[in-house]
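Working through the structure, step by step
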Amino acid sequence: MIDPQKIPHLMKYMGSKREILEFILSSVKDLNIKSEWFCDLFAGTAVVGCSLRDKYNLQINDIQTYSSVFANTYLMNLGKGFTAERINEIEAHAKSLVAEFYSKYPELKFPYFTKISFDKLSKIEKKQQNLINKEFDVGFHLFTKYYSGTYWSFDQCVWIDSIRAIAEECHGTPEFYIILSSLIYAMSYTSQGTGHFAQFRDVNKENMSDILIYRCRDIWPLFEKKFNELINVLTIKVRRKFRITSLDYLDCLRIIEENSIVYADPPYSSVHYSRFYHAIETLVRYDYPHVKYKGRYREDRHQSPFSKKTEVASAFKLLFENIKLRKSHIILSYSDNGMIPPKDILRIGKDTLGRSYSSKIFKKGHKHSKMGRSDEHNMEVNELLISFKRN
């Protein structure tokens, strides 16, 4: 197995398994399942599956397209394709695109200063937010139009669009994924939100000093830092097979290899990940979608049955039915405060899989980050791994 410390951090992510990665990997090892294939079914940031890239052939799947960017970043064979000068070339190219954009629209200036009045700051924010109604006649302006003055400033959005344009020039190569992952990291740490993109914060007299900290951060230094880290750390050649898909969980299970180990980490709560990470999905797809509401969500964002009280039990039953159909094994991550009690999951699993499977539960205390959803930043829970191993 790969040392968990060798899997670079790419984004603030609700429900991330990074902090309990060693617990998950040791539990997988303890189960001693003989298999060639490991499927990370709801991969998210893909750290669980990709940590096992030297032990199993991998299927990394998540219906959110951004997950495939992380998986490709971790699994692509970088070899010696990058030189120290490459980051300088990208910077020069990005600066030229940014300068070109500003020369095209010299009237669009929204300066931020550490000492600024509340009224002036509010006006600057509103003017940027109104750019969603402006027609731009230059390519790669999606973030500048949709998101200026929301999660990011106008200047940050111009840089985001410019770097995204450079990524597209490298589409289909390892560099495409390195650039996008580094950009996502920079976006995550310049956003004035609370660690996600469900809603941006409206400026008030209490939060304006904090918002200004993020507004005054530059995209490029964070991008450069992560780009250099990735090309220096991800040097291990992946020698096993891997497949990366962006499918619904049932579609993915239909095509996994028989006798696969399936690691399933479905949503635990009524929160839909597509609401919290819609902006990152849009960055990857870059398709100028129709957006709605204050948060400027994609109209086509995915709604998981695991996050719906009326559908969650049926979703688990279908999960187990398809595991049985593929003669595979499952290790399920869940919390004791999830949408459905763990004892109900265990019952559904036993009823569906029958006596040909043996079950085991691993438990670990854990603090779930609420990512700004309440006054309490973390919540004490028991993280459970519920396994069903085919006899």
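What comes next is a walk through the structure.

Conventions we followed
Residues numbered from 1 in each chain as written. Predicted model: local features only at pLDDT ≥ 70, side-chain atom pairs only at ≥ 80, totals over all residues. Heavy atoms only, no water. 1 Å grid on protein atoms, 1.4 Å probe; cavity = no way out; pocket = protein on both sides within 12 Å on 5 of 7 lines; lining within 4 Å. Points joined across faces, edges and corners; volume = space filled by probe spheres on them. Helix = DSSP H or I, 4+ residues; strand = E, 2+ residues; numbered from the N terminus. Nonpolar A, V, L, I, M, F, W, Y, C, P; charged D, E, K, R; others polar. Core = buried A, V, L, I, M, F, W, Y, C linked by side-chain atoms within 4.5 Å. Buried < 20%, exposed > 50% of the residue type's maximum accessible area, 1.4 Å probe, protein only. Contact = heavy atoms within 4.5 Å. Phe/Tyr/Trp six-rings, centres within 6.5 Å; stacked < 30°, edge-to-face > 60°. Lys NZ or Arg CZ within 6 Å of the ring centre and 35° of its normal. Polar contact = N/O pair within 3.5 Å; in protein donor to acceptor, adjacent residues only side chain to side chain. Disulfide = S-S within 2.5 Å. Expected span 1.5 Å × (residues − 1). Arc of directions from axis to C-beta. Salt bridge = Lys/Arg side-chain N within 4 Å of Asp/Glu carboxyl O.

Computed from the structure, the second largest pocket encloses a volume of approximately 180 Å³. Contributing to the lining of the second largest pocket are 14 residues, with Phe110, Pro111, Tyr112, Ser153 and Asp155 lying nearest its centre. Examining the composition of the lining of the second largest pocket, we find that three residues originate from one element, helix H7 (residues 154–169), more than from any other. When grouped by side-chain class, the residues that make up the lining of the second largest pocket number seven nonpolar, two polar and five charged.

Moving on, we get to the nonpolar core. The biggest cluster of nonpolar side chains holds 99 residues, and the ones touching the most others in it are Phe143, Trp152 and Phe223. The biggest single contributor to this core is helix H8 (residues 174–188), with 10 residues. Setting aside chain neighbours within four positions, we find Trp152 in contact with Phe143, Tyr147, Cys157, Ile160, Met187, Thr190, Ser191, Phe197, Arg215 and Ala279.

Moving on, we get to the packing of aromatic side chains. This structure, assessed with the given rule, holds 34 aromatic pairs. An angle of 90 degrees between the planes, with centres 5.6 Å apart, marks the rings of Tyr151 and Phe200 as edge-to-face. Highlighted residues: Tyr151 in the loop between helix H6 (142–147) and H7 and Phe200 in the loop between H8 and helix H9 (208–215), separated in sequence by 49 residues. For the pair Tyr151 and Phe200, one class covers both residues: buried. Clustering of aromatic rings is evident, with ring pairs tying together Phe42, Tyr249, Tyr268, Phe306, Phe316 and Tyr334. Positioned above the aromatic ring of Phe136, the side-chain terminus of Lys134 is 5.7 Å from the ring centre. The side chain of Arg243 reaches across the aromatic face of Trp37, ending 4.6 Å from its centre.

This part is about the environment of Lys389. Along the chain, Lys389 turns up in strand E9 (residues 378–390). Spatially, the C-alpha atom of Lys389 lies 50 Å from that of Ser153, the residues being 236 residues apart in sequence. Residues contacting Lys389, with those up to four places away along its chain left out, are Leu31, Asn32, Ile33, His329, Ser356, Tyr357 and Ser358. Reaching out from Lys389, the side chain makes a polar contact with the backbone oxygen of Leu31 at a distance of 2.9 Å.

With that settled, consider the state of the cysteines. Here the structure, examined in full by the defined rule, presents zero disulfides. Lacking any disulfide linkage, Cys216 is separated from the closest cysteine sulfur, that of Cys157, by 15 Å.

Time to look at helix H10 (residues 219–233). Three- or four-residue spacings in an α-helix give side chains the same orientation, since the helix completes a turn every 3.6 residues. Taking 1.5 Å per residue, 15 residues should reach 21 Å; H10 reaches 21 Å between its end C-alpha atoms and fits that length. Restricting attention to buried positions, one finds in H10 the residues Ile219, Trp220, Leu222, Phe223, Lys226, Phe227, Leu230 and Ile231. For H10, the buried positions fall inside an angular range of 160 degrees around the axis, keeping them on one side. In the core, the buried residues of H10 are packed alongside helix H3 (65–75), helix H4 (86–104), H7 and H8.

A word on helix H13 (residues 278–285). Counting buried residues along H13, seven of its eight residues qualify, which places the element largely inside the surrounding structure. Turning to H13, its buried residues are His278, Ala279, Ile280, Glu281, Thr282, Leu283 and Val284. Phi turns positive, to about 45 degrees, at Tyr286, one or two residues after H13.

Summed over all chains, the structure comprises one cavity of 30 Å³ or more. Each pocket or cavity is described by its volume, and for the largest cavity that value is around 40 Å³. Lining the largest cavity we find His9, Leu10, Met11, Tyr13, Ser16, Arg18, Thr45, Val47 and Tyr74. Across the lining of the largest cavity, the residue classes tally to five nonpolar, three polar and one charged.

Time to look at the pattern of salt bridges. Scanning all chains against the criterion turns up 24 salt bridges. For Asp265, the salt bridge goes to Lys17, with nearest N and O atoms at 3.1 Å. With Asp265 in the loop between strand E4 (261–264) and helix H12 (273–276) and Lys17 in the segment before helix H1 (21–31), the pair connects residues that are 248 residues apart, well separated along the chain. On the accessibility criterion, Lys17 (6% relative accessible area) is buried. Here Asp202 and Lys294 are joined by a salt bridge, their closest N and O atoms 2.9 Å apart.

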